[in-house]
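Given next are the chains, with one letter for each unit.
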Amino acid sequence: MIRITYSNITRDLIGANGLTEDDLLAIDSAKIQDMFLKKSYPELAFLDLPKQDISEIKKIGEYARQFENFIVLGIGGSALGPRSIVEALSPFHNYLRKPRVFIYDNVDPLTLKKILEIIDLDKSLINVISKSGSTAETAASFMVLWQRLKDLGLSPQRHMVITTDPERGNLRKIVRDFHLRSLSIHPNVVGRYSVLSPVGLLTAEVVGIDCRDMLEGASEIGKKCLNFEVMENPALLFASALYQFNVLKKLNITVMLPYSDRLKAFSEWFCQLWAESLGKDGKGLIPYPSVGTTDQHSQLQAWMEGPKSFVVVFIAIEDYGVDIEIPVVFNEIEGLSYLSNHSLAELIKIEQEATEIALSKSGKPCITIQMPKIDAYHLGQLFHLFSIATAMAGFLFGVNPFNQPGVEEGKDLTYGMMGKRGYEKKIEEFLSYRKNKNRFVI
Ligand code: PA5
């Protein structure tokens, strides 16, 4: 089981910037309990994902493994989950195994051009993932690939799987009209909470992971997270600590710092979840994705001596699964020889703890998640723990952790300029902004 170590948020360890146990307990946990148990937001449906029927995911996973390439089209919650699964559980996947996986989220044309140069569409399965079925980026790349398939005389029925809402949206209509393969995302599970739905699980199956293991892990941690004693529930403790740091100490940045390359994409997944769920009404903590040891040589200086407005969340890996000894060479050079007879896993683990100590000595709060190893079971736990903790933090802040009203304005302006009906007024606003902006060019 993953565990949470919170000594480095306490006053005993970090001094005045720290919290007391009373601070952690001062949250309204009864309210959180009530909201969770009564499912006061239907979007809490993600809590039941560990119990879902996965037979269709397994079936399509087997179908997908016949192909040489698996292309995911999706963005936000529809891309970051699949990407973190591949990176964590099948590192260097495309160099080693097939189907190779390409996740196209950003609509950077060069990226798609290069993917299309690398792959043969005839040997590819395309998984279009969009809960709403209306996201511009995903719709655009879907339309491009639909036409490409047609131009090559290839059938979408063979080469596409659509993952979307079971009833609603453009993609569901297209599934019905063209009899496409599809998977359903529970109607109440929203994008960033959907990694343990077909959104992430199909990709897991494609890269050879038994998605049952992820769900089992999630289920185990889920039980622990639905006990509403703050000091016994890792999700509630995490939510309480981050909330209290924000409210009592005015800290407004959360740094996610896993000590493994395999969790780099996970770090981005967490940041999307945390940012879109909590950043509302002037509240929340801005997340910052990071990775150790790399960022010790980049961000650490600022964390040690710059503004003190953040909390660091370490993910410490107990067993890397492999190790490499550092050989006894250059014995005569003292600056190198101290490393001999140690190992790379030892070095990265020592560096993680050393950074924790250094930060706490300088009064910076850190929470450490101890992850026994990076496998499907524990990754499932990590996803579920942070999903639950984020929803809990949202309730503590008094915001709706499942919507994202702040992204609408930019979308509407885009719709206007791209000619979507109903958004004509936005064109004028857009063009007047552009005109004004042009006055300030040097
Ligand atoms: O978390 C969210 O809800 C969003 O980030 C969505 O995942 C993102 O906007 C993509 O939405 P959709 O899956 O509807 O295309």
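Only a predicted model underlies this, so the values are computations on that prediction, with no experimental measurement involved. (Residues numbered from 1 in each chain as written. Predicted model: local features only at pLDDT ≥ 70, side-chain atom pairs only at ≥ 80, totals over all residues. Heavy atoms only, no water.)

Concerning the domain arrangement of the chain
Okay, so step 1: Domain parsing of the chain yields domain 1 (3–37 + 214–397), domain 2 (53–185) and domain 3 (406–437).
Okay, so step 2: A straight line from the C-alpha centre of domain 1 to that of domain 2 covers 32 Å.
Okay, so step 3: Counting residues at the interface gives 16 residues for domain 1 and 12 residues for domain 2.
Okay, so step 4: Note on domain 1 versus domain 2: buried area summed over both sides is about 1,000 Å², and carbon and sulfur give 73% of it.
Okay, so step 5: Sorting the residues of domain 1 by area buried against domain 2 places Arg262, Ala265 and Gln272 first, and these three jointly supply 44% of that buried surface.
Okay, so step 6: The tally of links from domain 1 across to domain 2 stands at zero salt bridges.
Okay, so step 7: Between domain 1 and domain 2 we count two residue pairs in polar contact (both at pLDDT 80 or more) in total. (Domains from an automatic or database assignment. Contact = heavy atoms within 4.5 Å. Buried area = accessible area lost by both parts, 1.4 Å probe. Salt bridge = Lys/Arg side-chain N within 4 Å of Asp/Glu carboxyl O. Polar contact = N/O pair within 3.5 Å; in protein donor to acceptor, adjacent residues only side chain to side chain.)

Points about the site of the ligand
Okay, so step 1: Around the ligand, the structure places 13 residues, and the nearest of them are Ser78, Ser130, Ser132, Thr135 and Gln272.
Okay, so step 2: Glycine 77 places a main-chain nitrogen or oxygen 2.9 Å from an oxygen atom of the ligand.
Okay, so step 3: Split into classes, the residues belonging to the shell around the ligand amount to one nonpolar, nine polar and three charged. (Near = heavy atom within 4 Å. Nonpolar A, V, L, I, M, F, W, Y, C, P; charged D, E, K, R; others polar.)

Digging into the packing of aromatic side chains
Okay, so step 1: Inspection of the entire model under this criterion finds 24 aromatic pairs.
Okay, so step 2: Seen from their ring centres, phenylalanine 46 and tyrosine 193 are 4.9 Å apart, and the 35 degrees between their planes marks the pair as tilted. You can see phenylalanine 46 sitting in the loop between helix H3 (29–37) and helix H4 (55–64) and its partner tyrosine 193 sitting in the loop between strand S6 (181–184) and helix H11 (198–206), a full 147 residues away along the chain. Like tyrosine 193, phenylalanine 46 is buried.
Okay, so step 3: Between tyrosine 193 and phenylalanine 402 the ring centres are 4.9 Å apart and the planes differ by 55 degrees, which places this aromatic pair in the tilted class. One end of the pair, tyrosine 193, is in the loop between S6 and H11; the other, phenylalanine 402, is in the loop between helix H18 (376–397) and helix H19 (408–418), and 209 residues separate them in sequence. One exposure class covers both tyrosine 193 and phenylalanine 402, and it is buried.
Okay, so step 4: Members of the aromatic cluster, connected to one another through ring pairs, are Phe36, Tyr41, Phe46, Tyr193, Phe228, Phe395 and Phe402.
Okay, so step 5: Looking at arginine 181, its charged tip hangs above the ring of tyrosine 63, at a distance of 3.6 Å from the centre. (Phe/Tyr/Trp six-rings, centres within 6.5 Å; stacked < 30°, edge-to-face > 60°. Helix = DSSP H or I, 4+ residues; strand = E, 2+ residues; numbered from the N terminus. Buried < 20%, exposed > 50% of the residue type's maximum accessible area, 1.4 Å probe, protein only. Lys NZ or Arg CZ within 6 Å of the ring centre and 35° of its normal.)

Notes on unusual backbone geometry
Okay, so step 1: With omega at -5 degrees, the peptide bond leading from lysine 98 into proline 99 counts as cis.
Okay, so step 2: With respect to the helices and strands, the residue proline 99 is situated in the loop between helix H6 (93–96) and strand S3 (100–104).
Okay, so step 3: Look at the link from glycine 292 to threonine 293: it is a cis peptide, with omega at 5 degrees.
Okay, so step 4: Even without a glycine there, the phi angle at histidine 179 is positive, about 55 degrees.
Okay, so step 5: Residue placement: histidine 179 occurs in the loop between helix H10 (170–178) and S6.
Okay, so step 6: Although it is not a glycine, aspartate 281 adopts a positive phi angle of roughly 55 degrees.
Okay, so step 7: Mapped onto the fold, aspartate 281 is located in the loop between helix H14 (264–278) and strand S8 (286–289).
Okay, so step 8: Look at aspartate 281 and you get exposed, because its relative accessible area is 63%.

Here's the deal with the state of the cysteines
Okay, so step 1: Under the definition given, this model contains zero disulfides.
Okay, so step 2: The closest cysteine sulfur to the non-disulfide-bonded cysteine 225 is located on cysteine 271, 19 Å from its own sulfur.
Okay, so step 3: Free of any disulfide, cysteine 366 has its nearest neighbouring cysteine sulfur in cysteine 271, separated by 16 Å. (Disulfide = S-S within 2.5 Å.)

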